[in-house]
Every structure is written in C-alpha cells, then in structure tokens.
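# Commentary on secondary and tertiary structure
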Amino acid sequence: MNDDEVAPGSVRPGGRTARVREAVLQVAGDLLAERGFAHLDLAEVAAAAEVGKTTVYRRWRNPTGLVTDLLVDMAEQSVSHADTGSLLGDLTANARLVAKTLTDPRQGKLFQSVIAAATCDESAATALRRFYDVRLTEWSPCVERAVERGEAPEGTDARAVLSAVSAPLYYRLLASGDPIDDHAATTAARAAVNAVTAGTFITADAIPTSTHTN
C-alpha cells in the first residue's frame, strides 16, 4: 500500500504528502462550511486544491473519508487546557473556547457538517468520537487538579464535567438556535461547577455503599 492508498487519518505524512493533505483538507473544510456535507464533491476539492483527482480518490475514497481525516487534523491541532488556578476559571476558559469555535463563521458551519456526516456514516462517527476523546483527555487535568485542591469531591468524573460544560453550547448550535455568547459560556461553566460541588458527577463506583439496615 503506497501513501495514496492509506486509510484516511491513519498516518501523519511528511514532505509532499503533507502538503497535499494540508491543501485538500483546507479546501474540504471551506466547502463543508460553505455548502454542507451533502454537497462535498471530491473532484471539486481536487481541482480547487490543485491536486490530481486520482490522488484524492485513492487516498480519501469518498466525502466521508475527507471528513474523517479533517477531524483527525482538527484533533492534532487541539488547544492545550487552561490552568487558571481554579475550577471555575478553567471551565470558563473551556466554555469560551467551545463558544469561540462554534460561533466562528467557518468552524461553526464545519462542525454542523461533520456532525451531519457522523449521523449517517460509522467511520465519520468514529472519527468524531475520537476527536472529542482527544479534547476531553486534554482538558481532564483541570478537574483532576480541582479534586487535589479540594474544590471537587473525590471520584468526580472529569470527562462528564467537561461534557456538561460544552453540551448546552452545542444544543444552541444544533437545536435551539439561541445565541452562543459569553453569557451562555460563563453560565455553562458556573452550572457545571455548581453540579460538581453538589457531587453530581461522582462516578458510581466512588459512591460508598450504604451499610445501614432496618
């Protein structure tokens, strides 16, 4: 199997292959943001990226392959977690990063498109889960440090906390259409902190089993 025949996202190429990948993914992202997944055409991507159509078809095979590799590339470029010294500060930084991404003219529409792709193709869904796994893993130390400082109870599920921060913002993007502004971001962070303090995100296996009997 040569470089043009590898599965999308399975390698981190260098040299000319890296330049081809960068050009193709840039164009693919632009077209996804402009027109959506349903109108993503490999031949058009190849022409706009000034890459041979055969190369694009061999490497990415179909629009879903492009979306999958685009998600891999986004995960590779993920922003490092914050370290503000408090759980509220860290989660607010996380919420603002999510809000900034979702309200970006290109990135917001891009996420809508890749989520749409994930609903109809398992490989795209797997890539989307992998992307969020990378993000949750990167930001989990924020919650782990909060546990060490005594801001969060022992056994708090860091990934559940971070998911609770971003979920209201994605709901606004995909369902309600309400503004994704700084108030929405800070509210999501505060709500998550309040839930953490109440012990809402303590994992089941960390909750002591009652020994009380009648």
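Just so it is clear, the model here is predicted, and its values are computed rather than measured.

Thresholds, definitions, all that
- Residues numbered from 1 in each chain as written.
- Predicted model: local features only at pLDDT ≥ 70, side-chain atom pairs only at ≥ 80, totals over all residues.
- Heavy atoms only, no water.
- Helix = DSSP H or I, 4+ residues; strand = E, 2+ residues; numbered from the N terminus.
- Buried < 20%, exposed > 50% of the residue type's maximum accessible area, 1.4 Å probe, protein only.
- Contact = heavy atoms within 4.5 Å.
- Areas by Shrake-Rupley, 256 points an atom, 1.4 Å probe, with all protein chains shown as cover.
- Core = buried A, V, L, I, M, F, W, Y, C linked by side-chain atoms within 4.5 Å.
- Salt bridge = Lys/Arg side-chain N within 4 Å of Asp/Glu carboxyl O.
- Axes fitted to C-alpha atoms, helices over the stretch in contact; angles between N-to-C directions.
- Parallel < 35°, antiparallel > 145°, perpendicular 65-115°, else oblique.
- Nonpolar A, V, L, I, M, F, W, Y, C, P; charged D, E, K, R; others polar.
- Expected span 1.5 Å × (residues − 1).
- pLDDT = per-residue confidence, 0-100.

All right, on to the overall build of the protein then. Scanning the protein from terminus to terminus reveals nine helices and zero strands. Helices and strands appear in the protein in the N-to-C order α-α-α-α-α-α-α-α-α. When each of the 214 residues of the protein is scored for burial, the buried share is 43%. Sequence separation of at least 24 residues holds for 71% of the intrachain contacts in the protein that already meet a minimum separation of 6. Entry remark: accessible area of the protein is about 11,200 Å², with carbon and sulfur atoms responsible for 51%.

If you look at the biggest cluster of nonpolar residues, it comprises 63 residues, and the most contacted ones within it are Val24, Leu66, Leu91 and Val114. Considering every element that reaches this core, the biggest residue donor is helix 7 (residues 122-149), with 11 residues. Setting aside residues no more than four positions away along its own chain, Leu91 makes contact with Val161, Leu162, Val165, Ala189, Ala192 and Val193.

In this section: the pattern of salt bridges. Once their charged atoms are close, side chains differing in charge can pair, the charge on each being opposite to the other. Summed over the entire model, instances satisfying the criterion amount to 11 salt bridges. Close ionic contact of Arg21 with Asp73 constitutes a salt bridge, the shortest N to O distance being 4.0 Å. Of this pair, Arg21 sits in helix 1 (residues 15-35) while Asp73 sits in helix 4 (residues 63-76), and the two are 52 residues apart along the sequence. Its relative accessible area of 7% is what places Arg21 among the buried residues. Put simply, Asp83 and Arg145 hold a salt bridge, and the shortest N to O gap is 3.4 Å.

To continue, consider the packing of helix 4 against helix 7. Following both chains from N to C, one finds helix 4 and helix 7 inclined at 5°, their axes separated by 9 Å at the closest point. In terms of axis orientation, helix 4 runs roughly parallel to helix 7. Of the residues in helix 7, those in contact with Thr64, Thr68, Leu71, Val72, Met74 and Ala75 of helix 4 are Ser123, Ala124, Ala127, Leu128, Arg130, Phe131 and Val134. Broken down by class, the residue content of the contact of helix 4 with helix 7 amounts to nine nonpolar, three polar and one charged.

Let us now look at helix 1. Helix length check: helix 1, at 21 residues, gives a terminal C-alpha distance of 30 Å against a target of 30 Å (1.5 Å per residue), a fit within 8%. Among the residues of helix 1, Thr17, Val20, Arg21, Val24, Leu25, Val27, Ala28, Gly29, Leu31, Leu32 and Ala33 are the ones counted as buried. On its buried face, helix 1 sits against helix 2 (42-49), helix 3 (53-60), helix 4 and helix 6 (107-118). Just past helix 1, the residue Gly36 takes up positive phi, approximately 95°.

Here Gly89 is to be found in helix 5 (residues 87-103). On the accessibility criterion, Gly89 (22% relative accessible area) is partly exposed. With 101 residues separating them along the chain, Gly89 and Arg190 place their C-alpha atoms 9.5 Å apart.

Looking at the protein, the pLDDT average stands at 88 and 89% of residues meet or exceed 70. A low-confidence stretch, residues 1-6 (pLDDT under 50), is modelled with 11 contacts involving residues beyond four sequence positions or located in other chains.

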